[in-house]
Amino acid sequence: MDLLNGADIPATDLIKDGTEATFMVDVVETSQDVPVIVDFWAPWCGPCKTLGPLLEEAVTAAKGAVKMVKINVDEAQMIASQMRVQSIPTVYAFHKGQPIDGFQGAVPGSEIKAFVDRVIEATGGESPGGQLDDAVEAAEEMLTEGAAADAAQTFAAILGEDPNHATAYGGLVRAHIATGDLEQAEAILNGAPAEISTSPELEAANAQLELAKQAADAGPVAELTAAVEADPDNHQARFDLAQALHANGEVEEAVAQLLEMFRRDREWNEGAAKSQLFTIFDALKPNDPIVLNGRRKLSSMIFA
């Protein structure tokens, strides 16, 4: 599945080495039709050797929505002077013959992708990042509607375009959780690229996986409720009840039981109540009312 719906364009048509003699054609004239990113560099510049390939990768991924010209400042001092290039690497984006954006110095790959997306969108194009975001939104909707297998296929296609797309990676894990294939979900999570392994999206997916594993072993709510009512200080029964409630979709009630447990004995089983609360909070969206209210109540107990 090619989410960007464009044939691969040879990199030689998108990226070229420019000179003072070709600058008017390669940059000024070409930018009348498509934005052109100009990378001012030099062979002796260390950061340029890092930035250049990342910039080329982002431009290639845009599949023709933007082009790139590399200018060696040692061989094009007049152009560098006209553009007031005082340090390298310096990057400018041209549209309709004029510079519209730019930056200096080496920046992370994520910022380079964002820069390329911003240039494309500012000139009326559709960036690969924007298209992938639309695909993620569609996959999330599939997941919400119960079409987990279709969602997993879409998330996987997105990752084929951008292997470090944290939202899509987390979504793929959540889709497998939804189908009940917890082993596959765990395998995917364990294979996450290092760059995104600690992202909030993957932390949330990991928390949801942990809760799904617990749900498989959850006890009967009625029996556990009776046990807690018979002995309110039976912490194991209350902890098991919270897990059972969560497994049944009663998340707010599960949080309430864990907060009560923390109030009674915050140190029980090495602070299990607090740990379980954080797992539930991590699995939800940060602005979820259950998270906001739960964190507020927990904080008031901690600092009381």
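Residues numbered from 1 in each chain as written. Predicted model: local features only at pLDDT ≥ 70, side-chain atom pairs only at ≥ 80, totals over all residues. Heavy atoms only, no water.

Colleague: Could you clarify how one ought to interpret the overall build of the chain in this entry?
Modeller: When helices and strands are tallied, the chain shows 15 helices and five strands. Relative to the 2.2 N^0.38 estimate, which gives 19 Å for 304 residues, the radius of gyration of the chain is 26 Å and therefore markedly larger than a compact globule would have. When the 304 residues of the chain are sorted by exposure, 45% land in the buried category. Counting contacts in the chain only where the partners sit at least 6 residues apart, residues at least 24 apart contribute 61% of the total. For the chain, the computed accessible surface area is about 15,600 Å², with 50% contributed by carbon and sulfur atoms. (Helix = DSSP H or I, 4+ residues; strand = E, 2+ residues; numbered from the N terminus. Rg over C-alpha atoms; globule rule 2.2 N^0.38 Å. Buried < 20%, exposed > 50% of the residue type's maximum accessible area, 1.4 Å probe, protein only. Contact = heavy atoms within 4.5 Å. Areas by Shrake-Rupley, 256 points an atom, 1.4 Å probe, with all protein chains shown as cover.)

Colleague: Is there a simple way to explain the confidence of the model for the chain in this structure?
Modeller: In low-pLDDT regions, the fine details of the predicted coordinates are not to be read closely. Across the chain, the average pLDDT comes to 91, with 94% of residues at 70 or higher. Mean pLDDT values over the elements of the chain span from 69, in helix α1 (residues 11-14), up to 97, in helix α13 (residues 251-264). (pLDDT = per-residue confidence, 0-100.)

Colleague: In this structure, what is going on with the sheet that holds strand β5 (residues 98-104)? I would like to understand it.
Modeller: One key point about sheets: their strands pair by backbone hydrogen bonds, in either a parallel or an antiparallel sense. Read from one edge to the other, the open sheet built from five strands follows the order β1-β3-β2-β4-β5, with strand pairing classed as mixed. Each edge of the sheet is formed by a strand with only one pairing partner; in this case those strands are β1 (15-18) and β5. Along the sheet, successive strands turn relative to each other by an average axial angle of 25 degrees, direction set aside. Its contacts with the sheet put helix α5 (residues 109-122) on β2 (36-41), β4 (90-95) and β5, and the angle it makes with β5 is roughly 170 degrees. (Pairing = 2+ DSSP bridges. Axes fitted to C-alpha atoms, helices over the stretch in contact; angles between N-to-C directions.)

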